[in-house]
Amino acid sequence: PPGAHVPALVIGTGYGGSVAALRLAQAGVDVHMLEMGMAWDTPGSDGKIFANTRTPDYRSYWLRTKTKQPLSNFLGFPLDKDVPKYTGILDAEDFSGITVYQGRGVGGGSLVNGGMAVTPPRPRFSAILPSVNVDEMYNTYYPRANAGLGVTNVDQAWWNSVDCYQYARVGRKHAERSNFPFVFVSNVYDWEYMRQEVAGTVPKSAVDGELLYGNNHGKKTLQKTYLAQAKATGRVAISPLHRVTSVAPANGRYAVVVEQLDTSGNVTATKTVTADKVFFAAGSIGTSKLLTKLKATNVLPGLNSEIGKGWGDNGNVMCGRANHLWDPTGAVQASIPTAGIDNWDAGGAFAEVAPLPTGIETWASFYLSITKNPNRAQFTWNSTANRVDLSWQTAWKQPSIDMAKSIFDKINAKEGTIYRTDLFGVYKIWGDHLTYHPLGGAVLNKATDNYGRLHGYSGLYVIDGALIPGNTAVNPFVTITALAERNIERIIAADF
Ligand code: FAD
């Protein structure tokens, strides 16, 4: 309620926020979480909570009137269509040089992501977070994060036998024929559920292409893991459709201004609550936008000059390859990725073998590459337009394209195949306009101390992907979770 006071307030319900809420609650601290997206706990008129990837509807996009599908075209035809403006699950947030995809709702990115739960190979860690003790991360916090998230591995014998992973087996064959290491990656999907989907004994979910707009059954999102545990403590309250717009010092506490939204995105009420401690967990973009604005508008003038800096796209770039007619990838493709091609050390790219769950044979292999792109952008406050801008430029993706080509040029040469040119427009090979993996903007040990305490204000913390300086060498959420586990342990011991 307006005027209320809470000991600990968490902005956002993604990975960082969920870890903070659970561990604080277990330590006996009452926590209130504010989430701008919906609760995603109530079925729509079709009886399902989430829409299918093939049939986006009002639930699919955050306050857009037209879908903005990451794969915008097929055989040259645009796929996007009009939808009613609604507080949907996937935000395609446009900056001048890049579109950043993010999950909106209780569970953050876990609602929409591929569930690929990858602990980076240990030798790569010190380049990811140079100020963090490697032994502690690999002995304690990565194992704790993997356990908390419910990470498991696919049974390879089963994987080898099912139609829905034919696309991944084609990916393996092509990788191995070009002598690239093909690696299985862990996931948070319930593999037993997928077995039953294949057997036809339960409603189909991943095998029916559910993913990008939510998964109705088998994926262990944060709603089923950290947040379920957090709620079970009885100490965590969550307010969905509540967007934080300000955090200001007030008599030794913080006054937090919150807008309540309706499902069309209109503000129906503005409230102020106070908190002793505030955790920024609004994601790399959400946290960076808030802090950049609050510093520039003199609400939090004591934040240091590292705020808004060190943002990267985890080197994301997408592409498709056209296979020969005798090399089909399958009409039915499980939406949950299981493997990647690891050319990081030699060529700077780790390519996820991704599904194209269109429901028809496409003769295409599709990949999301994570690359060692060195470019970093900065957030700045634009007082004329009253918004935060990001300095990323589309041309900054060129290093990513070059690194991805270290894999796919070689595979194409070996297989006698070519790139698809119809998936991102008309005659466009590279999906270089987007990222799924925003990282940085309030970097650990720069904007904050080495545990996420913001410089300049005691009781303000960053605990999400904004702490990580732009790249994790693999998919990021396990590292975000493990870093949050590390930081909250120290913060609870020393600050509460
Ligand atoms: P988030 O999970 O983004 O959570 C932030 C939350 O804060 C959101 O719920 C947001 O709505 C809320 N919020 C923002 N601003 C405010 C505000 N002002 N007030 C209140 N609430 C606010 N990563 C992997 O590791 N493996 C994958 O397979 C993978 N696949 C992906 C696929 C897609 C399509 C996408 C979009 C992402 C994928 N990711 C994947 C990335 C992963 O989901 C993110 O890295 C992760 O969710 C970031 O965690 P976070 O805690 O930093 O923030």
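For the structure itself, consult the block above.
Residues numbered from 1 in each chain as written. Predicted model: local features only at pLDDT ≥ 70, side-chain atom pairs only at ≥ 80, totals over all residues. Heavy atoms only, no water.

Draft legend 1. Quick look at the overall build of the chain. A count of helices and strands for the chain gives eleven helices and 20 strands. In terms of overall dimensions, the chain is globule-like: its C-alpha atoms have a radius of gyration of 22 Å, near the 23 Å expected for 496 residues. Counting all 496 residues of the chain, 61% fall into the buried class. Taking as baseline every contact in the chain between residues at least 6 positions apart, the subset at least 24 positions apart corresponds to 71%. In the chain, which carries 46 positive and 41 negative side-chain charges, the distance between the mean positions of the two groups comes to 2 Å. (Helix = DSSP H or I, 4+ residues; strand = E, 2+ residues; numbered from the N terminus. Rg over C-alpha atoms; globule rule 2.2 N^0.38 Å. Buried < 20%, exposed > 50% of the residue type's maximum accessible area, 1.4 Å probe, protein only. Contact = heavy atoms within 4.5 Å. Lys, Arg positive; Asp, Glu negative; His and termini not counted. Charge placed at Lys NZ, Arg CZ, Asp CG, Glu CD.)

Draft legend 2. Geometry of the sheet that holds strand β6 (residues 99-103). Pairing is mixed in the open sheet, where three strands are placed in the order β5-β6-β19. Strands at the two margins of the open sheet, each flanked by one partner only, are β5 (90-94) and β19 (434-435). (Pairing = 2+ DSSP bridges.)

Draft legend 3. Representation of the site of the ligand. Around the ligand lies a shell of 36 residues, among which E35, G109, M116, G465 and F477 are the nearest. M116 is positioned such that a nitrogen or oxygen atom in its backbone is 2.8 Å from a nitrogen atom of the ligand. Taking F477, its main chain carries an N or O atom lying 2.7 Å from an oxygen atom of the ligand. In the complex, 95% of the free accessible area of the ligand, which totals 1000 Å², lies under the protein chains. Contributing elements (two or more residues each) for the shell around the ligand: α1 (15-26), β6, β9 (242-250), α8 (283-296) and α11 (477-495). A per-element tally of the shell around the ligand places β9 first, with three residues. Here the residues of the shell around the ligand are counted per class, giving 16 nonpolar, 16 polar and four charged. (Near = heavy atom within 4 Å. Polar contact = N/O pair within 3.5 Å; in protein donor to acceptor, adjacent residues only side chain to side chain. Areas by Shrake-Rupley, 256 points an atom, 1.4 Å probe, with all protein chains shown as cover. Nonpolar A, V, L, I, M, F, W, Y, C, P; charged D, E, K, R; others polar.)

Draft legend 4. Representation of the pattern of salt bridges. A complete count under the given rule lists 27 salt bridges for this structure. One salt bridge in this structure joins R23 and E485, with 2.8 Å as the shortest N-O distance. Here the residue R23 occupies a position in helix α1, and E485 occupies one in helix α11, the gap between them amounting to 462 residues. With a closest N to O distance of 3.0 Å, D91 and R104 form a salt bridge. (Salt bridge = Lys/Arg side-chain N within 4 Å of Asp/Glu carboxyl O.)

Draft legend 5. Region of the structure containing the packing of aromatic side chains. The full count for this structure, using the stated rule, is 23 aromatic pairs. Judged by centre distance (5.0 Å) and plane angle (80°), the rings of Y58 and Y86 are edge-to-face. Taken together, the residues Y58 in the loop between β2 (31-34) and β3 (73-74) and Y86 in the loop between β4 (77-78) and β5 connect sequence positions 28 residues apart. The class of Y86 is buried, set by a relative accessible area of 17%. Ring geometry for F182 against F184: centres 5.7 Å apart, planes inclined by 85°, an arrangement best described as edge-to-face. Assessed through its relative accessible area of 13%, F182 is described here as buried. Counting every residue linked through ring pairs, the aromatic cluster contains W158, W159, Y165, Y167, F182 and F184. (Phe/Tyr/Trp six-rings, centres within 6.5 Å; stacked < 30°, edge-to-face > 60°.)

Draft legend 6. Expanded view of the sheet that holds strand β18 (residues 418-419). Ordered by their spatial adjacency, six strands build an open sheet running β7-β13-β14-β15-β12-β18, and the pairing between neighbours is antiparallel. Each having just a single partner strand, β7 (182-184) and β18 make up the two edges of the open sheet. Sheet topology note: the strand β13 (residues 339-343)/strand β14 (residues 349-354) ladder contains four bridges and is antiparallel. Within β14, the residue paired with N343 across the bridge is A349. Lying over the sheet, helix α5 (residues 166-177) contacts β7, β12 (317-322), β13, β14 and β15 (364-371), oriented at roughly 145° with respect to β7. Strand contacts of helix α10 (residues 398-415): β12, β13, β14, β15 and β18, with the helix running at about 10° to β12, the strand carrying the most contacts. (Axes fitted to C-alpha atoms, helices over the stretch in contact; angles between N-to-C directions.)

Draft legend 7. Structural detail: the environment of G452. Counting through the fold element by element, G452 comes out in the loop between β19 and β20 (460-462). C-alpha of G452 to C-alpha of E306: the two residues are 146 residues apart in sequence and 13 Å apart in space. Setting aside its immediate chain neighbours within four residues, G452 contacts L444, L460, Y461, V462, L467 and N487.

Draft legend 8. Quick look at the pairing of β5. The buried count for β5 comes to four of five residues, which makes it a mostly enclosed element. In this structure, β5 lies alongside β6, joined through five bridges in antiparallel fashion. Looking at β6, one finds that A92 is bridged to Y101. Counted along the chain from β5 to the antiparallel partner β6, the turn is four residues long.

Draft legend 9. Focus on helix α6 (residues 191-199). The complete set of buried residues in α6 reads W191, Y193, M194 and E197. All buried residues of α6 fall inside an arc of 150° around its axis, so they share one side. Its buried side turned inward, α6 meets α4 (156-161). One or two positions beyond α6, positive phi appears at G200, with a value near 80°. (Arc of directions from axis to C-beta.)

Draft legend 10. The arrangement of the environment of A275 in detail. Structurally, A275 can be placed in strand β11 (residues 267-280). Since its relative accessible area comes to 0%, A275 is described here as buried. A275 sits 267 residues away from A8 along the chain, and the two C-alpha atoms are 5.9 Å apart. Once residues lying within four places of it in the same chain are set aside, the contact partners of A275 are H5, V6, P7, L9, R253 and Y254.

Draft legend 11. Representation of the packing of α1 against α11 within the structure. Contact pair α1 / α11: the axes reach a minimum separation of 9 Å and the direction vectors enclose 35°. Read as a crossing pair, α1 and α11 show a hand that is right-handed. For the pair formed by α1 and α11, the contact residues are Y15, G16, V19, A20, R23 and L24 on the first element and F477, I480, T481, A484, E485, I488 and I492 on the second. (Left-handed = near helix turned anticlockwise from the far one by under 90°.)

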